[in-house]
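Observations on the model geometry
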Amino acid sequence: MKSLQIHAALVVVALAVLAHRADAYPQYQVGRDVTCTGCHVSPAGGGALNENGIAVAETTAWRGGDGSFMYGWKTPSWLALDGDMRGAAGYVNPGVSTAAAYPMQAEVGAIVKAGAGFSIRAVGGLRSPQDGGSIAHVLWSREHYVMWQQNPDSSEGFYVRAGRFMPTFGLRLAEHIVYTQRFGGDPLYFEAYGLNASYISKAFEVHATGFVHDPIATVAEHGDGGALYAEARIGEHAAIGIEGKHSVSDETTMSYGGMTGKVYLPGPDLQFQAEGEVIRKDITAGAGDIAIQLAGYLMASKPLDHGLMLDIGVGHFTQDTRVKGLYRDAIDANLHWFMTSHVEWLLTTRIELLDGAGGPNGGYALAQLHYRL
Amino acid sequence: MRSFSFLLIAALGAGCGTSPDERPVSFEFVTLGILAPTCGQVQCHSTTTKTAGYAFDTLAASREALTTLTDDRSADSSKLIEVMTASGGSRMPPDSPLNEEDITLVKLWIDDGRMGL
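About the thresholds
- Residues numbered from 1 in each chain as written.
- Chains lettered and ligands numbered in written order.
- Predicted model: local features only at pLDDT ≥ 70, side-chain atom pairs only at ≥ 80, totals over all residues.
- Helix = DSSP H or I, 4+ residues; strand = E, 2+ residues; numbered from the N terminus.
- Buried ≥ 20, exposed ≤ 12 C-beta atoms within 10 Å, placed from the backbone.
- Contact = placed C-beta atoms within 7 Å.
- Pairing = 2+ DSSP bridges.
- pLDDT = per-residue confidence, 0-100.
- Expected span 1.5 Å × (residues − 1).
- Core = buried A, V, L, I, M, F, W, Y, C linked by C-beta atoms within 7 Å.

Points about the overall build of chain B
- Along its length, chain B carries 5 helices and 0 strands.
- Scanning chain B from its N terminus toward the C terminus, one meets helices and strands in the order α-α-α-α-α.
- The buried share among the 117 residues of chain B stands at 50%.
- Partitioning the intrachain contacts of chain B with sequence separation of at least 6 by distance along the chain shows that 47% fall at a separation of at least 24.

Observations concerning the overall build of chain A
- Scanning chain A from terminus to terminus reveals 4 helices and 16 strands.
- Across the 373 residues of chain A, 50% fall into the buried class.
- A sequence separation of at least 24 residues applies to 51% of the contacts in chain A between residues at least 6 apart.

Examining the pairing of strand 10 (residues 252-265) of chain A
Residues and elements named next belong to chain A.
- Among the 14 residues in strand 10, 10 count as buried, and that is most of the element.
- Two strands pair when backbone bridges link them, and strand 9 (residues 238-248) and strand 10 are joined in this way by 11 bridges, in the antiparallel orientation. In the sheet register, Ile 242 faces strand 10, and the bridge partner there is Met 259.
- The turn linking strand 9 back onto strand 10 is made up of 3 residues.
- The pairing of strand 10 with strand 11 (residues 270-283) spans 14 bridges and is classified as antiparallel. The residue of strand 11 that forms the bridge with Ser 255 is Arg 280.
- The loop that links strand 10 with its antiparallel partner strand 11 comprises 4 residues; one of these, Asp 269, has a positive phi angle of about 55 degrees.

Details of the confidence of the model for chain B
- Overall, the prediction assigns chain B a mean pLDDT of 84, with 83% of residues at 70 or greater.
- Considering only residues more than four positions removed or in separate chains, one finds that residues 1-15 of chain B, a stretch of pLDDT under 50, has 28 contacts.

Some words on helix 2 (residues 27-38) of chain B
- Look at helix 2 of chain B: 16 Å from first C-alpha to last across 12 residues, which is about the 16 Å you get at 1.5 Å a residue.
- Among the 12 residues of helix 2 of chain B, 10 are classified as buried, and the element is accordingly described as predominantly covered.
- Within helix 2 of chain B the residues assigned to the buried category are B:Glu28, B:Phe29, B:Val30, B:Thr31, B:Leu32, B:Gly33, B:Ile34, B:Leu35, B:Ala36 and B:Thr38.
- Looking at the buried residues of helix 2 of chain B, the elements they touch are strand 10, strand 11 and strand 12 (289-303) of chain A together with helix 3 (59-69) and helix 5 (100-111) of chain B.

Things to note about the nonpolar core
- Among the nonpolar cores identified, the biggest contains 23 residues, and B:Val30, B:Leu35, B:Phe56 and B:Val106 are the most heavily contacted of them.
- Where this core is concerned, the elements lending two or more residues are helix 2, helix 3, helix 4 (79-84) and helix 5 of chain B.
- Here the element with the most residues in this core is helix 2 of chain B; it accounts for 6 residues.
- With sequence-adjacent residues up to four places away left out, B:Val106 is seen in contact with B:Val30, B:Ile34, B:Leu80 and B:Ile81.
- A:Leu171, A:Val323, A:Leu326 and A:Ala330 belong to the second largest nonpolar core, which has 21 residues in total.

Remarks on the pairing of strand 1 (residues 79-93) of chain A
Residue and element names in this part refer to chain A.
- Pairing geometry for strand 1 and strand 2 (residues 98-115), over 14 bridges, is antiparallel. The residue of strand 2 that forms the bridge with Arg 86 is Gln 105.
- Linking strand 1 back to strand 2 in an antiparallel pair, the connection comprises 4 residues, with Gly 95 at a positive phi of about 130 degrees.
- As defined by bridge partners, strand 1 adjoins strand 16 (residues 361-372) across 10 bridges and the pair is classed as antiparallel.

Here's the deal with the confidence of the model for chain A
- On average, residues of chain A score 88 in pLDDT, and 89% of them are at 70 or above.
- In this model residues 1-24 of chain A is a low-confidence stretch, pLDDT under 50, and it forms 64 contacts with partners more than four residues away in sequence or in other chains.

Comments concerning unusual backbone geometry
- With an omega of -5 degrees, the peptide bond running from B:Met92 to B:Pro93 counts as cis.
- Here B:Pro93 lies in the loop between helix 4 and helix 5.
- Of note in the backbone geometry, A:Tyr189 takes a positive phi value of approximately 60 degrees without being a glycine.
- Classification of A:Tyr189 by C-beta neighbours within 10 Å gives buried; the count is 24.

Let's talk about helix 5 of chain B
Residues and elements named next belong to chain B.
- For helix 5, built from 12 residues, the straight-helix expectation of 16 Å at 1.5 Å per residue is met to within 8% by its first-to-last C-alpha distance of 16 Å.
- Along helix 5, the residues classified as buried are Glu 101, Asp 102, Leu 105, Val 106, Lys 107, Trp 109 and Ile 110.
- Those residues of helix 5 that are buried lie in contact with helix 2 and helix 4.
- At the C-terminal side of helix 5, Gly 113 shows a positive phi close to 105 degrees.

A word on the environment of A:Glu191
Residues and elements named next belong to chain A.
- Position of Glu 191 among the secondary structure elements: in the loop between helix 4 (179-182) and strand 6 (192-200).
- You can call Glu 191 buried: it has 25 C-beta atoms within 10 Å.
- Distance from Glu 191 to Gly 163, taken between C-alpha atoms, is 9.8 Å for residues 28 residues apart in sequence.
- Discounting chain neighbours no more than four positions away, the residues touching Glu 191 are Arg 142, Glu 143, Arg 164, Phe 165 and Met 166.

Brief notes about the environment of A:Leu346
Residue and element names in this part refer to chain A.
- Take Leu 346: it is sitting in strand 15 (residues 343-354).
- Leu 346 sits in the buried class, given 22 other C-beta atoms within 10 Å.
- Along the backbone, Leu 346 and Ala 88 are 258 residues apart, and their C-alpha atoms lie at a distance of 9.0 Å.
- For Leu 346, the residues in contact, after removing those within four places along its chain, are Asn 334, His 336, Gln 368 and His 370.

Notes on the environment of A:Val92
- Mapped onto the secondary structure, A:Val92 falls in strand 1.
- In this structure the C-alpha to C-alpha distance between A:Val92 and A:Tyr364, which are 272 residues apart in sequence, comes to 4.1 Å.

So this is what it looks like as structure tokens:
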């Protein structure tokens, strides 16, 4: 029984630490002079690749090959299919060392083009099973929405989405364990039902979303509210953004405000991305309490030869500004290897220091395999 | 970008608070301020996943879990504190340690009679 509990704990660790969404790689954005929609179908980035995104996957990888769905499966012109699978193995340390291996994500998606700029997007897959739950509980649809695109043949212009998706907010890195995402209003499975309007151009982009929590498949977002993200290019190789989000549930009112910045240095081929947030956490249940939190992240990315890319990141999270020492810092190093246009290996490592290293320390070193159908 | 850098540096340098821990010692704070953002993540002890049968992401679910996992006589004999401070593979949360200040506050709440539970 004890070994079963330990095994279950390992699976949970894995899912908690690693369960990525199939997100974009914003590392490419400023350095390659593209928008998220330059490679992805969604105006928020992440998920299904468009024609150019597939071409980029082919040219970026060490051994590119045919990057299209299932290496060239023919589908009708009105239908596009995609899918992602991920698994990982390695070592985690929340104060004690543990080895683990586990599945992470298995999702398939479809886009139906309905004409006049309208399309329907749906993603279905597996999620962490509830202890004692039925198999039906494991199956779900993280995203499903109707989208209207002003210029279906271009990556720029107006987009409107209605349905279930992640409100567009912040840097939207693939690594959801980054503090600005985990604690900063954009953690794993924060999809909600909403209406989103986006305008995207190479000079600037604006995303506004109103959302309500999912009343059926209650997940991470328990509140209703809105999110705003706006980003403008400064010169050829830099961008600055502002972000805001407000969410009200029966028990808490969360307000997030912050900035993002991106700078690309062409000489060394380095891209820097940073995000800083101030968070107001208002516990409205019981006697109530208001805490101010701070979250920040800075990441440098360097493409290397043979389909490799290195990220070095540092993060900070102050859990409550009223309490001295109640914070944590992280140093991350991620080595991506885009082996083919469908296969990515990722070695991801973190050292986490609590209370300025005066408290317990943690960390992990994990190898992840990501296979795109 | 420069102003952003200042913000980030300020955040990284923040020891921030200067006062002793004056956070509320209440069931609502223990749940929503400490357990929900750490143990109660959606992949773990949430109402969605309910690993090991426990959830901490809502007050209702947390009340049920803490009634079982805490001992009204002593924090030291509570299962919750035992797993938070374990020195073996059963330590929780398994992905990232809790701050000592949070463990101390949870202990205090239990020893004070689990107010609000």
